[in-house]
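The chain contents come next:
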Amino acid sequence: WLKLQRLAARSASVARKMATGFPLHSECVWPGSETDLYLAHRSVYAFFAQWVTGKRVLDAGSGAGYGAALLASAGATAIVGIDSDPRFVRYARRRYRDQRITFQVADCSTLALPAGSFDVITCSNVLEHLANPATFLSSGRRALRAGGALLVAVPWIADEVSLEWNRRNPWHLSNLRVDEWAELFVRQGWRFRLWTQTFDPTVGIPNFLDPRPSHRPLSEFQFREQPVTEALSTWSLGVTFHLTPADSQAAAS
């Protein structure tokens with residue numbers, strides 16, 4: 001019976017996706033059904049939201065647009081969402097109509113941004129899709145205004161098992177361990193704070209393959225600040241970084 005429920009939910013989800021023009025197969029999370037997978041990704045933006053009030057924001061790799069919409073609702077004054085896939089940009093423009101949000105087609109791997117054009121840049125589960133994330137990090141650093149921050153989420157990779165799982169994903173081009181991301185950020189001239197994404201174990205492990213709507217509240221996905229060594233030794237859903245230029249006096253609050 002459970003298998004029949006999931007099959008029916010998957011079929012309904014596919015039909016709704018096709019009706020909206022959303023690609024059936026991609027790494028972009030579809031907001032049309034609030035599954036465990038969608039809520040886990042949305043919770044990253046809910047975590048980022050604490051830093052965007054009154055700010056001009058670039059959402060790099062905005063995908064379906066739900067993250068940009070959440071940041072707008074959190075008080076960002078202007079948001080530019082960019083994605084390399086025009087299908088996602090068209091979808092986001094149709095679904096999230098807000099005068100504060102602009103969606104544009106642009107490639108994060110070749111991005112050239114005007115200096116000092118944003119207060120905050122968000123980049124949720126995008127860097128692993130870039131063959132050379134250092135190029136984006138350099139461009140993002142130039143684009144930040146004084147006191148600005150780059151907010152990043154990447155997969156948790158800490159051992160051979162998690163590394164191999166990510167290598168099997170054809171869309172993941174830069175499969176770095178948590179400590180390797182930290183080292184890259186420092187080499188690129190950033191200071192960082194790190195959080196691991198956790199969940200309530202009493203509710204059970206989230207099932208990211210289940211197409212049915214989730215019974216979990218968004219608040220169940222929480223973020224725990226840790227040093228790199230602890231983040232490597234504690235399994236988590238993902239890792240987020242708050243980055244500020246090392247030559248800036250600004251600090252995360």
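Look up: the structure comes first, before these words.
Residues numbered from 1 in each chain as written. Predicted model: local features only at pLDDT ≥ 70, side-chain atom pairs only at ≥ 80, totals over all residues. Heavy atoms only, no water.

A. Just helix 6 (residues 160–167), in detail. Taken as a whole, helix 6 has its buried residues at S162, L163 and N166. When helix 6 is viewed along its axis, its buried side chains cluster within an angular range of 100° and face the same direction. Counted as exposed and oriented over 90 degrees from the buried face of helix 6: E160, V161, W165 and R167. Against the buried residues of helix 6 lie strand 5 (144–155). Taking the backbone nitrogen of V161 as reference, a side-chain oxygen 3.3 Å away marks D159 as the first, capping residue of helix 6. (Buried < 20%, exposed > 50% of the residue type's maximum accessible area, 1.4 Å probe, protein only. Helix = DSSP H or I, 4+ residues; strand = E, 2+ residues; numbered from the N terminus. Arc of directions from axis to C-beta. Contact = heavy atoms within 4.5 Å. Polar contact = N/O pair within 3.5 Å; in protein donor to acceptor, adjacent residues only side chain to side chain.)

B. Up close: the packing of aromatic side chains. Applying the stated rule across the entire model yields 11 aromatic pairs. Here F192 and F241 contribute two aromatic rings whose centre-to-centre distance is 5.7 Å and whose plane-to-plane angle is 75°, an arrangement assigned as edge-to-face. Taken as a pair, F192 in strand 6 (residues 190–198) and F241 in strand 8 (residues 238–245) lie far apart in primary sequence, 49 residues in all. The class for F192 is partly exposed, based on a relative accessible area of 28%. For F241, a relative accessible area of 1% translates into the label buried. Among the aromatic side chains, those forming a connected cluster through ring pairs are Y38, Y45, F48 and Y66. Over the ring of F88 we find R87, and its NZ or CZ is 5.8 Å from the ring centre. (Phe/Tyr/Trp six-rings, centres within 6.5 Å; stacked < 30°, edge-to-face > 60°. Lys NZ or Arg CZ within 6 Å of the ring centre and 35° of its normal.)

C. Quick look at the sheet that holds strand 1 (residues 56–60). Taking strand neighbours across the sheet as the criterion, the 8 strands line up as 3-2-1-4-5-8-6-7 in an open arrangement whose pairing is mixed. Both outer strands of the open sheet, strand 3 (101–105) and strand 7 (222–225), are each paired with one neighbouring strand and no more. The sheet shows a mean angle of 20° between the axes of neighbouring strands, taken without regard to direction. Across 5 bridges, the pairing between strand 1 and strand 2 (residues 78–83) is parallel. Within strand 2, the position partnered with A60 by the bridge is I82. (Pairing = 2+ DSSP bridges. Axes fitted to C-alpha atoms, helices over the stretch in contact; angles between N-to-C directions.)

D. Broad picture of the pattern of salt bridges. This structure, assessed with the given rule, holds 11 salt bridges. Between D85 and R87 there is a salt bridge, with its nearest N and O atoms 2.7 Å apart. Judged by its relative accessible area of 15%, D85 is buried. Given the relative accessible area of 38%, R87 is considered partly exposed. For E180, the salt bridge is made with R177, and the minimal N-O distance between the two is 3.2 Å. We classify E180 as partly exposed; its relative accessible area is 26%. Classification of R177 as partly exposed rests on a relative accessible area of 32%. Members of the salt-bridge network, linked through shared partners, are D36, R216 and E220. (Salt bridge = Lys/Arg side-chain N within 4 Å of Asp/Glu carboxyl O.)

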